[in-house]
There are 2 protein chains.
Amino acid sequence: MPRKTVIIGGGPGGTGAAGGVKAVDPSAEVVLYTQFEDIAYSPCGIPYVHGGEIDSFDRLILAGKQAYVDAGIDVHYETTVTAIDTARKTVTVKGEGEVSYDSLVIGTGFAYADPGVPGTDLGGLYYVKNIRAAAEWDKVIANSKRAVVVEASPLGLEMVTALAHRGIETHLIDPNPYALAAMADPDIMAPVEESWRELGVHLHFNTTLEAFLGDADGKVRAVRTSSGEIPVDLAVVATHKTPNNALAAAAGIKLGSTGGIVVDEHMKTSAPDVWAAGDACEIPHGLAGTPLQGLTGSHAYAQGKAAGQNAGGGDKTYKTVFVPWGTPAGKWVIGGASFGEATATAIGIPYVVGVAEGISRSRYYSGVKKVKLKILADPKSHKVIGAQMVGGGDGIKERADFLAQAIRFGMTLEDLATMENVFAPAIGALTEPIVVAANNGLVAAKKA
Amino acid sequence: MPRKTVIIGGGPGGTGAAGGVKAVDPSAEVVLYTQFEDIAYSPCGIPYVHGGEIDSFDRLILAGKQAYVDAGIDVHYETTVTAIDTARKTVTVKGEGEVSYDSLVIGTGFAYADPGVPGTDLGGLYYVKNIRAAAEWDKVIANSKRAVVVEASPLGLEMVTALAHRGIETHLIDPNPYALAAMADPDIMAPVEESWRELGVHLHFNTTLEAFLGDADGKVRAVRTSSGEIPVDLAVVATHKTPNNALAAAAGIKLGSTGGIVVDEHMKTSAPDVWAAGDACEIPHGLAGTPLQGLTGSHAYAQGKAAGQNAGGGDKTYKTVFVPWGTPAGKWVIGGASFGEATATAIGIPYVVGVAEGISRSRYYSGVKKVKLKILADPKSHKVIGAQMVGGGDGIKERADFLAQAIRFGMTLEDLATMENVFAPAIGALTEPIVVAANNGLVAAKKA
């Protein structure tokens, strides 16, 4: 009889796991439960459909349902798992009763943090997540005149830009002094904020949400904040991601300090034959060891693949993370790897920093764009510990990938200062910004 | 009395050296001799002015002459050095006589290989190099109807595209079966060749140049080749770069198998107090140890900086090279690091290869482009030994930089298969092509 793996969740963690099981054991029985009507779509694309950069929600569907049938993966749509029994090795499924497993992968994802203010039961509060809901909300957006985005999180950034592109009077409120404060440094975000202002966005930093205020129909009509009331007809709630951990918690599976499921290097939980992947779990930062939660779809997918391979009888490790990240923001693209200065300071990690104000190609070639890039390094060993960038777009993603790998491999400022780089007028400048930043970091280290 | 450094050559090697000396010893006397009327321009941009992508030759000038005056660097323009005496530590300068030095940096650059056929004394043969000459040649191009580019070298590639963009009937002749055969693999060049054909370029591979044929006025009217005669009114001679080594050779400075000046890790030549940088010297390949010659302006500049620092009394090493490269070609951008399959096969290095047919951003995001990327690795250790790419442009340069550094650090296919990557629809796909290629390489290694 084939081994049976049950997977809870149809996001990148769950679908990655399904593929992972089949990769090591094509004969395995794989049953995947998702609450939604679709699977394997890219929710990360939703803000860009709202913003008009992608022309249809249909384009976000990655693989049709038939692809899963063909792959021998039994997907149960719109189906809720209500309990896990790790002793009896069963899950309870609404409408199906108790279902047994040989191995289980939990990919229950995230929920937006509860804003914790009155009025969250009003209409007009949009939590961006489900693609079918997004199509409905797009009509609401089309009829909205004034919108507020609650918190300058990664999703908040994307939605601010999207709403502004739609010509809506857009307000952003955030309790921090600048946008994306949990990840990025103020100097990286300054040009982004300037470009939002150019788009007409109203930025309300150092501002706390106090309540959503409703009209007679129970629909949001304003938000009350520490800096006064803002009339709106739409509120995008882009609070930080929290792990969807209720099922795991009720089953007695160990949770960590972030609330995420604790996993080992094999993505295995504290329970026998139970693995987890994606936003439901927490993963230690590769340098600091601090648990991270709420990473990207790419992380969830890679974790899911590892969890699935192990659940299917394989042996696959998933290493600690150095978190390359990047996103368009306003008219710029921002990105980085590991820490910025704000985070390093907050957790008490000493650093020196080297900054480059570089360019993306020869300064005389059309389309040349600015790239500001900074590298943080340990003052003694000169090992790189973080990087952040803001630029016109070219190569931000690829540099973030590279710098995360450089941190993973313990590269020093000296190593980056002596790296070779492509010089070709149309695609790369004589001097690579990474090299300039590393050299400037060495100067800073000498003075430190 | 300040130490005096003499530099021969005003290209990136020479100007890099001038800055290098001043960086370690601001009081040093620095005298730089160049045969040309200008300094520190970017000859790499010339084909793009011819092609219309850059609007003026003036834009290629990097720093005005005054900048060198301000930096305390004494540049002698249009001045020829005719001899070096390493025993007496002097150079002979036309019009100045014998000039002494404490240290000397040779940055005499390259010359195009002599085509070695009759007719090289005809008019209408364009060797792309000097910016003032290029401005004159641009007028010739404007009046040309049919042109031939001799050899599909890096410069040849750029000039083919430039001439085609100018609407000239363009022929390319090359003795190899495909373009850029000394560096690139045929599968990488195939889409480039296809895009040239779309532009109307006539490709003549496996074709040897036999003679330039002249008209009554002593101007080229055709080329004779192993596949017949091609009537042209312009011939761009883009043969491979050879080291400009006459001065060094006459001075008894040691040359290597490529004809380039042999230097140690400090860019020091066999002669006391004499350093060299750029295309005049040869540098060992970081993996194979084989001497490389005719690298890029970026290499020359970095070598010049190291040579200058050492000539000025500092201690700076320049490491063996892993040669990231990249260039637009036809409607594509190609690039790589270290070897491709053709070179690895030619020099007898065993390898396995993993190929990714990837995309530059989410497949549903506008502007998404194909990226074909392949990684070569040692079959036993799985250490990466080379990479090549062809794609729409995004991130080719940055990936080449990264992969060169990955090779330098001995990263394996396993290391690249488990790297993290940014996922953000507008700038990066869920799965990075490097990761896919590395995974496919592991599959190939298992079968090998």
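No experiment lies behind these values; they were computed from the predicted model shown.

A. Local environment of the overall build of chain A. Helices and strands together make up the secondary structure of chain A, namely twelve helices and 26 strands. Rg of the C-alpha trace for chain A: 23 Å, near the compact-globule value of 22 Å for 448 residues, within the 12% margin. When the backbone C-alpha atoms are referred to their principal axes, chain A occupies close to 65 × 60 × 40 Å. Within chain A, the proportion of its 448 residues that are buried is 57%. Counting only contacts in chain A whose residues sit at least 6 apart along the sequence, the fraction spanning at least 24 positions is 62%. Put simply, chain A shows about 16600 Å² of open surface, and 52% of that area lies on carbon and sulfur atoms. When the 38 basic and 48 acidic side-chain charges of chain A are each reduced to a single mean position, those positions are 4 Å apart.

B. Broad picture of the packing of helix 10 (residues 396-408) of chain A against helix 10 (residues 396-408) of chain B. At a closest axis distance of 8 Å, the pairing of helix 10 of chain A and helix 10 of chain B adopts a crossing angle of 15°. Comparing their axes, helix 10 of chain B and helix 10 of chain A come out roughly parallel. Considering the relative orientation of helix 10 of chain A and helix 10 of chain B, their crossing is left-handed. Here Lys 397, Glu 398, Arg 399, Phe 402 and Gln 405 of chain A of helix 10 of chain A lie close against helix 10 of chain B, whose contacting residues are Lys 397, Glu 398, Arg 399, Phe 402 and Gln 405 of chain B. For the contact of helix 10 of chain A with helix 10 of chain B, the class distribution of residues is two nonpolar, two polar and six charged.

C. Just the interface of chain A and chain B, in detail. Contacts between the two partners involve 55 residues from chain A, matched on the other side by 56 residues from chain B. Between chain A and chain B the total buried area reaches about 5000 Å² when both faces are included, carbon and sulfur atoms providing 60% of it. Summed over the shared surface of chain A and chain B, the result is four salt bridges. Where chain A packs against chain B, one counts 19 residue pairs in polar contact (both at pLDDT 80 or more). Elements represented by at least two residues in the side of chain A that touches chain B include exactly helix 8 (297-311), strand 22 (325-329), helix 10 and helix 11 (413-417) of chain A.

D. Main features of the pairing of strand 11 (residues 169-173) of chain A. Residues and elements named next belong to chain A. Burial analysis of strand 11 places four of its five residues in the buried class, which makes it a mostly covered element. Of the pairings in the sheet, the one linking strand 10 (residues 146-150) to strand 11 comprises five bridges and is parallel in character. Counterpart to Val 148 in the pairing with strand 11 is His 171. Where the polypeptide runs from strand 10 across helix 5 (residues 154-165) and back to strand 11, its parallel neighbour, the crossover connection is right-handed. Both strand 11 and strand 12 (residues 202-204) contribute to a ladder of three bridges, which runs parallel. Paired with Ile 173 across the two strands is His 204, which belongs to strand 12. Handedness of the crossover joining strand 11 and strand 12 through helix 6 (residues 186-198): right-handed.

E. Representation of the relation of the copies chain A and chain B within the structure. The transformation that overlays chain A on chain B combines an axial shift of 0.0 Å with a rotation of 180°, and the residual RMSD is 0.0 Å. Seen this way, the second copy is the image of the first under a two-fold rotation axis. For chain A, the minimum C-alpha distance to the rotation axis belongs to Gly 395 of chain A and amounts to 2.5 Å.

F. Representation of the sheet that holds strand 18 (residues 261-262) of chain B within the structure. Residue and element names in this part refer to chain B. Taken in spatial order, the three strands line up as 18-20-21 in an open sheet, and their pairing is mixed. Edge positions in the sheet fall to strand 18 and strand 21 (291-292), since each of these pairs with one other strand and no more. Relative to strand 20 (residues 281-284), strand 18 is paired through two bridges, and the arrangement is parallel. Of the residues in strand 20, the one forming a bridge with Val 262 is Glu 282.

G. A look at the side chain of Asp 401 of chain A. For Asp 401 of chain A, the location among the structural elements is in helix 10. For Asp 401 of chain A, a relative accessible area of 2% gives the class buried. Apart from residues no more than four positions distant in its own chain, Asp 401 of chain A is found in contact with Pro 324 of chain A together with Met 419, Glu 420, Asn 421, Val 422 and Glu 432 of chain B.

Criteria and cut-off values
- Residues numbered from 1 in each chain as written.
- Chains lettered and ligands numbered in written order.
- Predicted model: local features only at pLDDT ≥ 70, side-chain atom pairs only at ≥ 80, totals over all residues.
- Heavy atoms only, no water.
- Helix = DSSP H or I, 4+ residues; strand = E, 2+ residues; numbered from the N terminus.
- Rg over C-alpha atoms; globule rule 2.2 N^0.38 Å.
- Buried < 20%, exposed > 50% of the residue type's maximum accessible area, 1.4 Å probe, protein only.
- Contact = heavy atoms within 4.5 Å.
- Areas by Shrake-Rupley, 256 points an atom, 1.4 Å probe, with all protein chains shown as cover.
- Lys, Arg positive; Asp, Glu negative; His and termini not counted.
- Charge placed at Lys NZ, Arg CZ, Asp CG, Glu CD.
- Axes fitted to C-alpha atoms, helices over the stretch in contact; angles between N-to-C directions.
- Parallel < 35°, antiparallel > 145°, perpendicular 65-115°, else oblique.
- Left-handed = near helix turned anticlockwise from the far one by under 90°.
- Nonpolar A, V, L, I, M, F, W, Y, C, P; charged D, E, K, R; others polar.
- Buried area = accessible area lost by both parts, 1.4 Å probe.
- Salt bridge = Lys/Arg side-chain N within 4 Å of Asp/Glu carboxyl O.
- Polar contact = N/O pair within 3.5 Å; in protein donor to acceptor, adjacent residues only side chain to side chain.
- Pairing = 2+ DSSP bridges.
- Right-handed = clockwise from strand over helix to strand, strands pointing away.
- Least-squares fit on C-alpha atoms with pLDDT ≥ 70 in both.

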